[in-house]
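Chains, contacts and geometry: an overview
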Amino acid sequence: MMEAVLKAMPDGQHYTVRMPAADDFAFWREQARALIQCGVPPEGVSWSEPDGTGDLFASGGDALPQPPDGARAVRANKRFVSLARNAILHSEPERFAQLYLLLWKLQSNPRIVEDKTDPVVRRVEELDKSVRRDSHKMHAFVRFRLIETEDGAEHYVAWFEPDHHIVRANAGFFKRRFANMRWSILTPRGCLHWDGKIMREGPPAERSDAPDGDPVEQLWKSYYASTFNPARLKVGAMLSEMPKKYWKNMPEAALIPELIAGAQAREAQMVAAGEREVRVRPQTLSAMAQVLNNCRDCPIAECGTRAVMGEGSSRAPLMIIGEQPGDQEDLAGRPFVGPAGQLLDSALERAGIDRASAYVTNAVKHFKFVQKGKRRLHQTSTAKEIDTCRWWLESERAIVKPRIILALGASAARALLGKTVSLASARGKPILLDDETELWITAHPSYLLRLDGSAREEQAALFAADLTLVRTRLTQLAA
Ligand code: URA
């Protein structure tokens, strides 16, 4: 088959493809397809990096041959496409040619990508692996500093030095993870700016464009120092996970040598005090949002897209607490935006409670689910997971200091009381917590959604009555 196609290539013709952007997989694929269909062999084409002007027609790019009518479709399997999409982000200039060579070979050997002994396959896999590693480091080691903008809004800025052209490819990750913040990630390979709605790209930046220390950094340092568990210290593993070259942009890294040096003494102290770890609480909601995402205290933290922080005023008189984010909340990065949230919103409105004046959050901050085909099915958090996540809920309580807490369902009630209570006996009257906050317990809106007919009507009436009691109490406290 290749011979037939090869005839289409003019003898000795050599082409140069100038890439418009270093990470433009779609462009590379389009050119590679046409070249293969015209039978241009790997030695008949040179691929060059963009010249930095962003002008596609700058210089040196040749007019490529047009595939003949009826040219055969180019063969590229899923594995190739997934490898190529990633490997193209590598900083090695030869990557475009290596990928073309592999695509060329794939036309006559559809199983080539599985052949681990093939040197081109091995090279492309190495490129892919090193890009993956770089992306992983970016996810783990980007550290935002807080700056005040002219309009007084909070803006977070991070500096990161990727090895490869991974910045644009990772925009979605950071957008999902920090959806509710305004942030910029500055890098020498280009910048990302997110204003809560729109992602913009910017030209390469320099280290001096990014701010240095600030309160978030202090928070990171104290958080890291206080959660650093000397009893678990494994220097080798830590260095391989967090190579030294990243330390200079990570505030907490400055503490590592000191922490390692002090680890033994601290371990002895901890053993004597019978403690496992001590933490410093964040002082603001935005500071908490920064560190919450890195929480790995329980296995749920590995599920889903992100930790979902509560939302609302830091001075709200009412805190509403659910169980855990669901599928839609995980995607949106906001609590109670899915079906249960809609039911809650309309019930609050009917009871005369303005959701916007409350602080809405969950007992557990990550979405726990099992994957069933394309669907992610909710799994109830265990008592242990609720208890583990309580530290974050208490941090929110310490910042917001609500007068009233409304717990929706058994998980939220457990998070507040440390024990399981029956809804039937707990609803309709307040429980006074240690700090004098009134806790009101009612059903979870998802419970109502699971009922039908008269059972649903009955439970909806009880739910409405509970909310009305809370509204009355809020009015009394505000008077
Ligand atoms: N259910 C909850 O408990 N919390 C949410 O945020 C959404 C659904």
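This is a predicted model, so every value here is computed, not measured.

Definitions and cut-offs
Residues numbered from 1 in each chain as written. Predicted model: local features only at pLDDT ≥ 70, side-chain atom pairs only at ≥ 80, totals over all residues. Heavy atoms only, no water. Core = buried A, V, L, I, M, F, W, Y, C linked by side-chain atoms within 4.5 Å. Buried < 20%, exposed > 50% of the residue type's maximum accessible area, 1.4 Å probe, protein only. Contact = heavy atoms within 4.5 Å. Near = heavy atom within 4 Å. Polar contact = N/O pair within 3.5 Å; in protein donor to acceptor, adjacent residues only side chain to side chain. Areas by Shrake-Rupley, 256 points an atom, 1.4 Å probe, with all protein chains shown as cover. 1 Å grid on protein atoms, 1.4 Å probe; cavity = no way out; pocket = protein on both sides within 12 Å on 5 of 7 lines; lining within 4 Å. Sits in = over half its atoms within 2 Å of the grid points. Nonpolar A, V, L, I, M, F, W, Y, C, P; charged D, E, K, R; others polar. pLDDT = per-residue confidence, 0-100. Pairing = 2+ DSSP bridges. Helix = DSSP H or I, 4+ residues; strand = E, 2+ residues; numbered from the N terminus. Phe/Tyr/Trp six-rings, centres within 6.5 Å; stacked < 30°, edge-to-face > 60°. Axes fitted to C-alpha atoms, helices over the stretch in contact; angles between N-to-C directions. Parallel < 35°, antiparallel > 145°, perpendicular 65-115°, else oblique. Left-handed = near helix turned anticlockwise from the far one by under 90°.

Bringing the nonpolar core into the picture now. If you look at the biggest cluster of nonpolar residues, it comprises 56 residues, and the most contacted ones within it are Trp28, Leu35, Trp47, Phe80, Tyr100, Phe144 and Trp183. Those residues in contact with Phe80, other than ones at most four positions away along the chain, are Trp28, Leu99, Leu102, Leu103, Leu106 and Val113. Counting 33 residues, the second-largest nonpolar core is a separate cluster that includes Met309, Ile386, Ala407 and Leu433.

Close contacts around the ligand come from Gly322, Glu323, Gln324, Pro325, Gly326, Glu329, Pro335, Phe336, Asn362 and His444, and that covers them all. Within the backbone of Gln324, a nitrogen or oxygen atom sits 2.9 Å from a nitrogen atom of the ligand. Starting from 230 Å² of accessible surface for the ligand in isolation, the protein chains cover 94%. Judged by its atoms lying within 2 Å of the grid points, the ligand is housed in the second largest pocket. Considering only residue class, the shell around the ligand consists of 3 nonpolar, 5 polar and 2 charged.

For the protein, the average pLDDT comes to 86, and 84% of its residues sit at 70 or higher. Taken together, the stretch residues 1-8 has pLDDT below 50 and engages in 13 contacts with residues farther than four places along the chain or on a different chain. Considering only residues more than four positions removed or in separate chains, one finds that residues 53-60, a stretch of pLDDT under 50, has 6 contacts.

We now examine the sheet that holds strand β8 (residues 318-322). If you trace the 5 strands from one edge of the open sheet to the other, you get β9-β8-β12-β14-β13, paired in mixed fashion. Unpaired on one side and paired on the other, β9 (358-362) and β13 (431-432) mark the two borders of the sheet. Here 5 bridges tie strand β12 (residues 404-408) to strand β14 (residues 438-442), and the two strands are oriented parallel to one another. Bridged to Leu408 within β14 is Thr442.

Turning to the packing of aromatic side chains, a few remarks are in order. This model, assessed by the stated rule, comprises 12 aromatic pairs. With centroids separated by 5.0 Å and ring planes inclined at 80°, the aromatic side chains of Phe144 and Phe178 adopt a geometry described as edge-to-face. Of this pair, Phe144 sits in strand β3 (residues 144-148) while Phe178 sits in the loop between α6 (171-177) and β5 (183-186), and the two are 34 residues apart along the sequence. A connected cluster of aromatic rings, assembled from ring pairs, spans Phe144, Tyr156, Phe173, Phe174, Phe178 and Trp183.

Sheet strands pair via backbone hydrogen bonds, and the direction of the pair is either parallel or antiparallel. Reading across the sheet, the 5 strands line up as β3-β4-β5-β6-β7 and stay open at both edges, with mixed pairing between neighbours. In this open sheet, the two strands that pair with only one neighbour each are β3 and β7 (199-202). Ignoring which end each strand starts from, the neighbouring axes of this sheet average 20° apart. Bridge count for β5 against strand β6 (residues 191-194) is 3 bridges, and the pairing is antiparallel. Each residue of the ladder has a partner; that of Trp183, found in β6, is Trp194.

Taken N-terminus to C-terminus, the directions of helix α4 (residues 95-108) and helix α5 (residues 119-141) make an angle of 135°; their axes are 10 Å apart at the nearest point. Between α4 and α5, the interaxial angle falls into the category oblique. Here α4 runs over α5; the crossing is left-handed. Residues Arg95, Gln98, Leu99, Leu101, Leu102 and Lys105 of α4 touch α5, and the partners they reach there are Val120, Val121, Arg123, Val124 and Leu127.

The topology assignment puts Arg427 in the loop between α15 (423-426) and β13. Classification of Arg427 as buried rests on a relative accessible area of 15%. Only 3.3 Å separates the side chain of Arg427 from the side chain of Thr442, close enough to count as a polar contact. Residues contacting Arg427, with those up to four places away along its chain left out, are Ile441, Thr442, Ala443, Gln459, Leu462, Phe463 and Asp466.

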